[in-house]
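Below are the chains, spelled out letter by letter.
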Amino acid sequence: MAGLTDTLAISAAGMQAQGERLRIVAENLANAESTASTPGGDPYRRKTITFQNVLDKQSGMETVKVVKRGVDMSPFEKKYDPAHPAADAQGYVEYPNVNPIIETMDMREARRGYEANMDMVEVSKAMLTQTISLLQK
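For the structure given in this document, a descriptive report is provided here. (Residues numbered from 1 in each chain as written. Predicted model: local features only at pLDDT ≥ 70, side-chain atom pairs only at ≥ 80, totals over all residues. Heavy atoms only, no water.)

Right, let's talk about the overall build of the chain for a bit. Along the chain, the regular secondary structure elements total two helices and four strands. Each helix and strand of the chain, ordered N terminal to C terminal, gives the series α-β-β-β-β-α. For the chain, the C-alpha radius of gyration of 22 Å lies well beyond 14 Å, the compact-globule estimate for 137 residues. Counting only residues that meet the buried cut, the chain has 28% of its 137 residues in that class. At a minimum sequence separation of 6, the contacts of the chain that also span at least 24 residues come to 59%. A total accessible area of about 8900 Å² is found for the chain, and carbon and sulfur atoms account for 55% of it. On the chain, the mean spot of the 16 positive side-chain charges and the mean spot of the 18 negative ones are 5 Å from each other. (Helix = DSSP H or I, 4+ residues; strand = E, 2+ residues; numbered from the N terminus. Rg over C-alpha atoms; globule rule 2.2 N^0.38 Å. Buried < 20%, exposed > 50% of the residue type's maximum accessible area, 1.4 Å probe, protein only. Contact = heavy atoms within 4.5 Å. Areas by Shrake-Rupley, 256 points an atom, 1.4 Å probe, with all protein chains shown as cover. Lys, Arg positive; Asp, Glu negative; His and termini not counted. Charge placed at Lys NZ, Arg CZ, Asp CG, Glu CD.)

Counted according to the given criterion, the structure contains nine salt bridges. Where Glu109 meets Arg21, a salt bridge forms, and the shortest distance between an N and an O atom there is 3.1 Å. One end of the pair, Glu109, is in helix 2 (residues 100-136); the other, Arg21, is in helix 1 (residues 2-30), with 88 residues separating them in the sequence. Note that Arg46 and Glu103 form a salt bridge whose closest N and O atoms lie 2.4 Å from each other. With Arg46 in the loop between helix 1 and strand 1 (47-56) and Glu103 in helix 2, this pair connects stretches of sequence that are 57 residues apart. In this structure, Arg46 and Glu103 share a single accessibility class: buried. (Salt bridge = Lys/Arg side-chain N within 4 Å of Asp/Glu carboxyl O.)

This part is about the nonpolar core. Ala36, Ala86, Ala87, Val93 and Tyr95 together form the largest nonpolar core, which totals five residues. The contact partners of Ala86, leaving out residues within four places of it in the chain, are Ala36, Thr38, Pro39, Gly40, Tyr92 and Val93. (Core = buried A, V, L, I, M, F, W, Y, C linked by side-chain atoms within 4.5 Å.)

Our focus in this paragraph is the pairing of strand 4 (residues 92-95). Burial along strand 4 is one-sided: the face carrying Val93 and Tyr95 is buried and the face carrying Tyr92 and Glu94 is not. Both strand 3 (residues 77-80) and strand 4 contribute to a ladder of four bridges, which runs antiparallel. Across the sheet, residue Lys79 finds its bridge partner in strand 4, namely Val93. (Pairing = 2+ DSSP bridges.)

With that settled, consider the packing of aromatic side chains. Summed over all chains, the structure comprises one aromatic pair. Seen in terms of ring centroids, Tyr80 and Tyr92 are 5.4 Å apart; in terms of plane orientation they differ by 70°. Their pairing is edge-to-face. You can see Tyr80 sitting in strand 3 and its partner Tyr92 sitting in strand 4, a full 12 residues away along the chain. Relative accessible area serves as the criterion here: at 56%, Tyr80 is assigned to the exposed category. Taking the ring centre of Tyr95 as reference, the NZ or CZ of Lys79 above it sits at 4.7 Å. (Phe/Tyr/Trp six-rings, centres within 6.5 Å; stacked < 30°, edge-to-face > 60°. Lys NZ or Arg CZ within 6 Å of the ring centre and 35° of its normal.)

In structure tokens, the structure reads:
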């Protein structure tokens, strides 16, 4: 039975990591057009997340954990819009380094990872239920 409950813990860690990834993607998408409010200020900078397998010393299992939240230091996109409040002296406005297509693909991948872990929880739960019913006979 310990093996089945271990799968639940591993899947739960995976779901937690993918849930955090989805939150980061949602924040990036929500701020994809957020510019600075003053000339020369930086717009929203895309956030990133890094996972790693980590050994859980209590159980002896490896689970996935979020080990780093960072920012993407790639350059901002510049657009000419001299009427914008954040326009520089040349009339250019810096826009976030968020690519909605990449974020959407990241969101789909995170959702699939979350669903795969959820399916594993359902399978483990069904196996535990069957095991308990067999032991009661």
